[in-house]
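Chain residues, written in single-letter form:
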Amino acid sequence: MLWFDGEGCRAAEFCGSLDVTMQTVVERRLLREKAKRRQDLTREEFLQEVWKWKNEKGEEIYHQLKRLGASLDWSRACFTMDPGFSKAVTAAFVRLCDSGLIYRSEGLINWSCALQSAISDIEVDSKEVSGQTMVSVPGYENKVEFGTMLTFAYPVEGHNSELAVSTTRPETMLGDVAIAVHPDDPRYQVFHGKQCRHPFTNRLLPIITDTLVDMELGTGAVKVTPAHDHTDFLLSQRHSLPRLSVIGENGAMTPSCGKWLEGVKRFDARQLVVDALVERKLFRGQKCHPMTLPICSRSGDIIEPLLKKQWFVHCDGMAKKAIRAVEDRQLEIIPHHYTKMWKNWLSNTSDWCISRQLWWGHQIPAYRVELLNSTTKLEDQWIWGQSEDEARQRAAVKYGMKPEDITLTQDPDVLDTWFSSGLFPFAMLGWPEQTSDLKRFYPNSILETGNDLIFFWVARMVMLGTELTGQLPFKQVLFHSLVRDKYGRKMSKSLGNVIDPLDVIHGVSLQRLQEKVKEGNLDPREQLVAMEAQRKDFPKGIPQCGTDALRFALCSYKMQGQDISLSISQVLSYRHFCNKMWQTLRFTLGVLGENTKAVGSLEETIPESSMERWICSRLYSTVVQCEQAFEAYELHAVTSALHSFWLHSLCDVYMEYVKPIMVKQDEEGVVQTDTKHSGNAQQVASTVLYHCVSLSLALLSPFMPFITEELWQRLQPFRSDTLAQSSLCLQSYPRSSTLAHWHFPEEEKDFLLIQEVIRVARSLRAQCGLTKEKPVMWAVCSPSQAQVLLHFGSAVWTLSRISSLQIYCPDGADTRLSVNSTPPPTGSLIGVVDHTCQLHLHVQSGMNTDKQMLQLSQRRDKLVTKLDELFGRLQSSNYLTKVPAHVRQQMDSKVSALEQELKTIEDQMKLLQEAQTTE
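Parameters at a glance
- Residues numbered from 1 in each chain as written.
- Predicted model: local features only at pLDDT ≥ 70, side-chain atom pairs only at ≥ 80, totals over all residues.
- Heavy atoms only, no water.
- Buried < 20%, exposed > 50% of the residue type's maximum accessible area, 1.4 Å probe, protein only.
- Helix = DSSP H or I, 4+ residues; strand = E, 2+ residues; numbered from the N terminus.
- Pairing = 2+ DSSP bridges.
- Salt bridge = Lys/Arg side-chain N within 4 Å of Asp/Glu carboxyl O.
- Core = buried A, V, L, I, M, F, W, Y, C linked by side-chain atoms within 4.5 Å.
- Contact = heavy atoms within 4.5 Å.
- Polar contact = N/O pair within 3.5 Å; in protein donor to acceptor, adjacent residues only side chain to side chain.
- Axes fitted to C-alpha atoms, helices over the stretch in contact; angles between N-to-C directions.

**Q** What is the right way to look at the pairing of strand β10 (residues 178-181) in this model?
**A** Side-chain direction in a regular strand flips from residue to residue, so the side chains alternate between the two faces of the sheet. Along β10, one buried face is formed by Ala178 and Ala180 and the opposite face, lined by Ile179 and Val181, is buried too. Examined bridge by bridge, β10 and strand β13 (residues 221-224) share four bridges and lie antiparallel to one another. Looking at β13, one finds that Ile179 is bridged to Lys223.

This is the structure we're talking about:
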């Protein structure tokens, strides 16, 4: 998550307080190493342990970023628990309280019994259960059953009847305060206004009517438990119902349930309640029921809605401003399809609970007020301030008391980590002070982060930034895809599929991977699962890939699309690309020799031959592709263009073309300059080769900074530019405007034909087993194609590895063309370039005709199968009526081309059979 202003990256990666995660890790460590729980220590002692862990492990992400070559301003690295940042968090809380945007209220919150803390709505994952399912729940040895709906009856008071209700959570019936039915449900009209008797608590439960009730669900009558269900909480507000908490913060039943359930864990109590209902003959059965389980994303625990007094942020007004910012195009979200999600979520967001029942984090700067020597008794009165002294002064003014007569007790809870993180764009620059950094760098230009943080973090930064500074924190947000394992699973330590980038860079053995698992905080069962997964995925460990290969691999995935399934084999393929770059550089240096004045400047280099013009134009077009892709933040398109140019244009074509012109090898394989060719041709070729390699290294530098720097430095002695920078990373990035004199679109267009001719020529040579010989070939083509072939001349011979190419135009040659008017000899193998161009290779004695016959037979069988399949489509009854005309035309062309190829193959097989007979 990097921050940019107009001058580039100004801040290191955000490193949030990660309150829940960090506290959980330290608690596990304490339990494993010292057999102590958090509650066995004082808050101060526990915080010392957290800081100790943070100082040991907290710099790992910075170390990884540095090894990955991140070029950041490390002096601005910021941690949300730093003193200056903590001051900003306190100031923000106080200002929002003063403006009425933060308030304290009793509400139903998402509670994680495993974490012993509230969590926000967006930290709750939904698990769909289609029916009866056994689920592992933290704190339970055996799996717990979900996906069933139970029905039981409530006796109607003063009425010889009962009211049956259905529920998926029978253990909460001890907290029932009413039964609700739909006012229009004819089954329950007679019960309106009556009461039911609770079989265990003897309470009278009113039967209420409300349109919220779904008549089709279960029995159509629902139990109302406001303290443990969000819909029921809303019903309690509408009908002024009491709220009884029957499940405690530890997930056990409370004393109000009676001694028979007190202290029993909630899901163990479920069966006890059902047994008691059966005993009282009130149980009416159960059935499978699809449902959605709310899961804590941090711990995997089943969320328990609990009623607690907490601090909340009013979000409605700020959310509307955030929506308008995108609609008015003040804020751009990339990719744009996230704008709909942005609007939908912000339009339906509820107030944000920012209280967390943890010890690690920013303790809430609010204080409970008690007045000494006063007849006025305060009930749950709170004051806030940037320090306890300020809060006491505020309280003294508010209640007309002397400061010394006021006792303040700070709220033990801490703020949600996303509250402090939401202040990051301006707090890290010194806010609330009007620092020079804040004036210069705020607002930022762009935020780049993972698409899973759109609501956790980005929306809250926009809301808090707009509210506290009056400005949007950034102008653009770029969401990248999430990196998953090669199976598409989210990386998790418990699954053993987390990949440390340093292990990919340096390589690691399987033994060391498994040692890391044992050194972690996983429980023994999770360790076994993780280690088995490692043995399956990395049986020989992870090979050394290097930083550049890893960076290039990550950028080669489509960052704005679906999640990335990272495969080590993909990274390895780019390590091989790095090897290719080294080989290219060695060849280039061999061409340049020791003559440091052999290379002309870029501006003065005007390519003249067709091949020089083509490769220069290909480089120009590649730079244009990069510019367009960078503008759209499509990094995968940049890497694809650069990878393709280096391998397929520079290495496969141009270098192969210049080898006969530029160099020869002695008996020991040492590259030497070939003096047979003209000095001018060599001068131009060496200059073009130098600039193609040098500019390509500059283009690749952001993705592969280490190898490009190393190779670029080796080219520096040949630079004619006396003002050359000492480092590649300080060079200006190549621009198409400086290469406009290298743009030759006709050469690029024409060379598409040349590439196809080369491909077919090589295929014919391979069919005939001519791996070393350089035969003569004939090109039967149109005059326009003949013109192109002549234009590129010897390049076609060189790259096709033939001795010459005889050109024949059957329709009559253009008199301006010097072409051979003699047709190719009979008995030739034919390769189809396109419908107007064919290559002919005369079948010579001594060829391996058996091998050629086998290859042609295999190809013929595939073509016959493909044609049969296409004919089946063409002959279908609805082909003419349902298939669009342009699609039918494309299909007809495809069939015609395949039939022509099949005829050519059959002709060639006939020729080979004749050759075999002659032999």
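Having seen the structure, we can now continue with the description.
**Q** When you look at the pattern of salt bridges in this model, what are you seeing that I'm missing?
**A** A side chain of one charge can pair with a side chain of the opposite charge if their charged atoms are brought near each other. Taken as a whole and judged by the stated rule, the model has 43 salt bridges. The closest approach of N and O atoms between Glu27 and Arg38, which form a salt bridge, is 3.2 Å. Here Arg38 lies in the loop between α1 (19-34) and α2 (43-57) and Glu27 lies in helix α1, a separation of eleven residues in the sequence. Judged by its relative accessible area of 25%, Glu27 is partly exposed. In this structure, the salt-bridge partner of Asp98 is Arg394, at a minimum N-O distance of 2.8 Å. With a gap of 296 residues between them, Asp98 in helix α4 (residues 83-98) and Arg394 in helix α9 (residues 388-399) connect regions that are remote in the sequence. The partly exposed category is assigned to Asp98, whose relative accessible area is 46%. Exposure remark for Arg394: the relative accessible area of 27% places this residue in the partly exposed category. Put simply, Arg169, Glu171, Arg266, Arg270, Asp301 and Glu304 are held in one network by salt bridges that share partners.

**Q** How do you make sense of unusual backbone geometry when you look at a structure like this?
**A** Cis geometry marks the peptide bond from Ile334 to Pro335; its omega dihedral reads 0 degrees. Position of Pro335 among the secondary structure elements: in the loop between β17 (332-334) and α8 (338-347). For the peptide bond that leads from Tyr442 to Pro443, omega is 0 degrees, which places it in the cis range. Locating Pro443 in the fold gives a position in the loop between α12 (436-441) and β24 (444-450). In the Ramachandran plot, Asn202 falls in the positive-phi region, its phi being about 70 degrees despite a non-glycine side chain. You can see Asn202 is positioned in the loop between β11 (195-197) and β12 (204-209).

**Q** Looking at this structure, I do not really get the nonpolar core. What am I missing?
**A** Note that soluble globular proteins tend to have their nonpolar side chains buried in a common cluster. Ranked by size, the top nonpolar core spans 103 residues in total, and within it Met581, Met611, Trp646, Tyr654, Met704 and Leu839 carry the most contacts. Met704 has contacts with Asp548, Phe552, Phe577, Cys578 and Met581, leaving out every residue within four places of it along the chain. Core analysis: the second largest hydrophobic core is formed by 64 residues, Ala91, Leu331, Trp342 and Trp457 among them.

**Q** Would you take a moment to explain the side chain of Ser166 for this structure?
**A** Structurally, Ser166 is set in strand β9 (residues 162-167). Engagement of the side chain of Ser166 in a polar contact is seen with the side chain of Thr151, the distance being 2.9 Å. Looking at Ser166, its side chain comes within polar contact range of the main-chain nitrogen of Thr219, at 3.4 Å. Among residues more than four places away in sequence, those in contact with Ser166 are Met149, Leu150, Thr151, Gly218, Thr219 and Ala221.

**Q** For this particular structure, what's the right way to read the sheet that holds strand β22 (residues 406-410)?
**A** Read across the open sheet, the three strands follow the order β21-β20-β22; overall the sheet is antiparallel. Looking along the sheet, the strands with just one partner apiece sit at the ends: β21 (382-384) and β22. Taking the axes of each pair of neighbouring strands and ignoring which way they run, one obtains an average angle of 40 degrees across the sheet. Set on the sheet, α9 makes contact with β20 (366-371), β21 and β22; between it and β21 the angle comes to about 130 degrees.

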